[in-house]
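The chain contents come next:
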Amino acid sequence: MDVALIQRIAPFILEAALKTMQLAAASLAIGLAAAVALVAARMSRQAIWRGLSAAYVSVIRGTPLLVQLFLVFFGGPQLGLNLTPFQAGAITMGLNIGAYMSVGLHGAIIAVEHGQYEAARSLGFGRLDTMRLFILPQAAPLMLRTLGVNTVILTKGTALASTIGVVELTYSAQRFVTSTYKPFEVFAAAGIAYLIIILAIMLGIRGLESLFGTAERGRV
Amino acid sequence: MLDFSVLPPYADLLATGALWTVLITVLAGALSVVLGVLLALVTLYGPKLISLPLRGIAFLFMGTPLLLQLYLLYYGLAQLGVLLPAFWTGVMGLGVHYAVYNADIFRSAIQSVDEGQMEAARSLGFGRTAALRHFIIPQATLTALPQVGNNSIILLKDTAVLSVLGVAELVLNAQRGISATYRPFEFYFAVAVLYYLLNLAMEWALGRAARKAEAIR
Amino acid sequence: MTSAAPMIRLRGIRKSYGSHEVLKGIDLDVDQGRIVSIIGPSGSGKSTLLRSVNMLEEISHGEIWLDGVQVNSALTGRAFETHINRIRQQMGMVFQQFNLFPHLTALENVSIAPMKLKGKSKAEAEALARTLLEKVGLADKGGAYPARLSGGQKQRVAIARALAMQPKAMLFDEATSALDPELVDEVNLVMKQLAAEQMTMIIVTHEMRFAAEVSDHVLFMDGGVVVEQGPPEQVLKAPTQERTRGFLRKHLAQ
């Protein structure tokens, strides 16, 4: 174990870790927007929206993220879509994780007992108000859980962006391996950086959960 | 702009790639199930001296990207002087990665088997290990089937990552076609369609198996 | 008393959970072919006592003997494991919740123990299993999984499963308590048939009428001790202890 090497590359690993976090954050923002749109379409009264939402989720979940990245980054220019690696990575991974998140969010909503919906509607609340005031607050804890799980999956998935040339953690690590021939030390250092990021996300989610947990305990 | 007529000459190449993808999925999937059961048993019934470190190692697997683990295995083994073909490195890496996830599923499935099952087996004179083997594990397997099946479907899609190590599966074979034609969109689109079909086939087969298991439970 | 040792002999059985003693020194002899019923309120220790006989419950003190062999022997570790497995193969047990193996058909439930534990061939074990299923009136249910059977049918398969090891004695732990009333008789009928065949049995039950009909000897337990015991006509019809009378009054009033 070459400790001096790890010390020498640590600043670069740190920089790359920041890039990984930026990429994950940008993807998450796009993913959340996509997920909300997909859930809304899934619960639409018009069959065409429901069908489109379901088809999108099925195709995205039925194909590998790596292939989606290659299709957008390498195939995009053929359609006049010229994106930087970071843009292609963030957009593709956002649209990808959005599909997974939409399944979890929809599941959390339909897990709320149907009687709640009927009770609110019987009082005269509209569809949107019923959702906003009664269903979503009850679905929140489960939604938070699914968002947390998917954020962890997304963050680990950002490693694939190295294959389209985003200079994030895995890409940097690989470059150091070719220059130092010390794969164990370098990948271990990168692994530790990932573990710290993942742990931070998990702790953050747990913190949010305990916030929402009090809301859940108040449930009748 | 797009010209899908470039594909037919490479149909064989893509089909061969798809076959290798299926083979990798089957091998890595089998490894992930067998190793997953073993891990579950050791962490449940093994000595603390072994089970606690194993839990820690499991977290290392769950908290880092699969690609990084594959790189570490591939280049790390080479550093140690072990020269394993990329194919087997990939199967091993994928198998172990998903074994860690499957172990969690098997563990809770084993714990969910009714205590009366162990008592009934013991009252007939089966030893603890024999009871686990004949009664507890088979039932836990039925319980775990849907979730483990789900993991196998995710594994199918993750086999694409092995192309990065140089394993000639579907994605790498497509890249060979691309370097001859400079038509990445058409090829990756075809690859996506093939994965989608494999995915559908697997979902169908696992759905059937799950329904059969449900009928027994 | 004959010169032969009793089939089951319990001496000074005690069991504690922490400081709470649930069995406070129980003695019992069951001769070959005899049927003993144990009655008593819930929490009296009757199920714990029964489960101690094949050591599903470990006891704190006392001796358990089966056919002249000490069940709770001084062996330890692997040797004890082998010993207790061998002992349990000679004692059948029937549980309140049936505990059939849900992933096996009725026939497989009955045939698996002789196959795996006695080394019988599949054909041999299945022939035996078929005979036993026929004996409990389920000849046509061999291929059915437990999920497809009624409670009464499940319990009859469970009895057949226990009999498949050709045990020297049978232990019944509230075998009909989980059954719908209309299904109780079919299980009782099978148990009576075993009684007629001179099977040695210990039956923990809350069915006084059945206990009166089938047993040679009745134990009334309460608070971890045997309050009263004797022939059923005495214990159930003319009990001498106030606690027994109180229990029977409450029970018959229901």
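On a predicted model such as this, the values are computed, not experimentally measured, just so you know.

A. Molecular detail of the sheet that holds strand S2 (residues 20–30) of chain C. Residues and elements named next belong to chain C. Reading across the sheet, the four strands line up as S2-S1-S4-S5 and stay open at both edges, with antiparallel pairing between neighbours. Of all strands in the sheet, those bounded by a partner on one side alone are S2 and strand S5 (69–70). In terms of strand pairing, strand S1 (residues 8–17) meets S2 through eight bridges, oriented antiparallel. Along S2, the bridge assignment pairs tyrosine 17 with histidine 20.

B. Highlighting the interface of chain C and chain B. Contacts between chain C and chain B engage 26 residues on the former and 21 residues on the latter. Here chain C and chain B share an interface that buries about 1,900 Å² over both sides, 61% of which is from carbon and sulfur atoms. When the area that chain C buries against chain B is broken down by residue, the three leading residues are Arg88, Phe101 and His103 of chain C, summing to 27%. Counting every contact that joins chain C to chain B gives two salt bridges. Ionic pairing is found between glutamate 81 of chain C and arginine 122 of chain B, a salt bridge with its closest N-O pair at 2.7 Å. For the pair chain C and chain B, the interface holds six residue pairs in polar contact (both at pLDDT 80 or more). Elements with a contribution of two residues or more to the side of chain C that touches chain B: helix H2 (77–88), strand S6 (91–94), helix H3 (106–118) and helix H5 (151–163) of chain C. It is H3 of chain C that contributes the most residues to the side of chain C that touches chain B, four residues altogether.

C. Representation of the packing of aromatic side chains in the model. Taken as a whole, this structure holds 18 aromatic pairs over all chains when the rule is applied. Aromatic side chains phenylalanine 73 of chain A and phenylalanine 74 of chain A sit 5.1 Å apart centroid to centroid with 75 degrees between the ring planes, which places their arrangement in the edge-to-face category. Accessibility expressed as a relative area gives 35% for phenylalanine 74 of chain A, which makes it partly exposed. Put simply, the rings of Phe70, Phe73 and Phe74 of chain A together with Tyr188 of chain B pair up and form one aromatic cluster. For arginine 161 of chain C, the ring lying beneath its charged end belongs to phenylalanine 101 of chain C, and the centroid distance is 4.6 Å.

D. Representation of empty space enclosed by the protein. Using the criterion set out here, one finds two cavities of 30 Å³ or more in the structure. Roughly 40 Å³ of volume is contained in the largest cavity. Glu174, Ala175, Thr176, Asn188, Met191, Ile203, Val204, Thr205, Glu207 and Phe210 of chain C are the residues that line the largest cavity. Listing elements by their share of the lining of the largest cavity, those giving two or more residues are helix H6 (181–196) and strand S8 (200–204) of chain C. Taken together, the residues of the lining of the largest cavity sort by class into five nonpolar, three polar and two charged. If you add up the space inside the second largest cavity, you get close to 30 Å³. If you trace the second largest cavity, you find it lined by Leu38, Arg42, Ser53, Val57, Ser102 and Val103 of chain A. Only helix H1 (3–42), helix H2 (47–61) and helix H4 (85–111) of chain A provide two or more residues apiece to the lining of the second largest cavity. Among the residues forming the lining of the second largest cavity, the class breakdown is three nonpolar, two polar and one charged.

E. Looking closely at the pattern of salt bridges. Per the stated rule, a full pass over the model turns up 21 salt bridges over all chains. Close ionic contact of glutamate 186 of chain B with arginine 183 of chain B constitutes a salt bridge, the shortest N to O distance being 3.2 Å. Since its relative accessible area comes to 23%, arginine 183 of chain B is described here as partly exposed. The partner of arginine 249 of chain C in a salt bridge is glutamate 242 of chain C, and the shortest N-O contact between them spans 3.4 Å. The class of arginine 249 of chain C is exposed, set by a relative accessible area of 53%. By relative accessible area, glutamate 242 of chain C is classed as partly exposed at 46%.

Thresholds applied
Residues numbered from 1 in each chain as written. Chains lettered and ligands numbered in written order. Predicted model: local features only at pLDDT ≥ 70, side-chain atom pairs only at ≥ 80, totals over all residues. Heavy atoms only, no water. Pairing = 2+ DSSP bridges. Helix = DSSP H or I, 4+ residues; strand = E, 2+ residues; numbered from the N terminus. Contact = heavy atoms within 4.5 Å. Buried area = accessible area lost by both parts, 1.4 Å probe. Salt bridge = Lys/Arg side-chain N within 4 Å of Asp/Glu carboxyl O. Polar contact = N/O pair within 3.5 Å; in protein donor to acceptor, adjacent residues only side chain to side chain. Phe/Tyr/Trp six-rings, centres within 6.5 Å; stacked < 30°, edge-to-face > 60°. Buried < 20%, exposed > 50% of the residue type's maximum accessible area, 1.4 Å probe, protein only. Lys NZ or Arg CZ within 6 Å of the ring centre and 35° of its normal. 1 Å grid on protein atoms, 1.4 Å probe; cavity = no way out; pocket = protein on both sides within 12 Å on 5 of 7 lines; lining within 4 Å. Points joined across faces, edges and corners; volume = space filled by probe spheres on them. Nonpolar A, V, L, I, M, F, W, Y, C, P; charged D, E, K, R; others polar.

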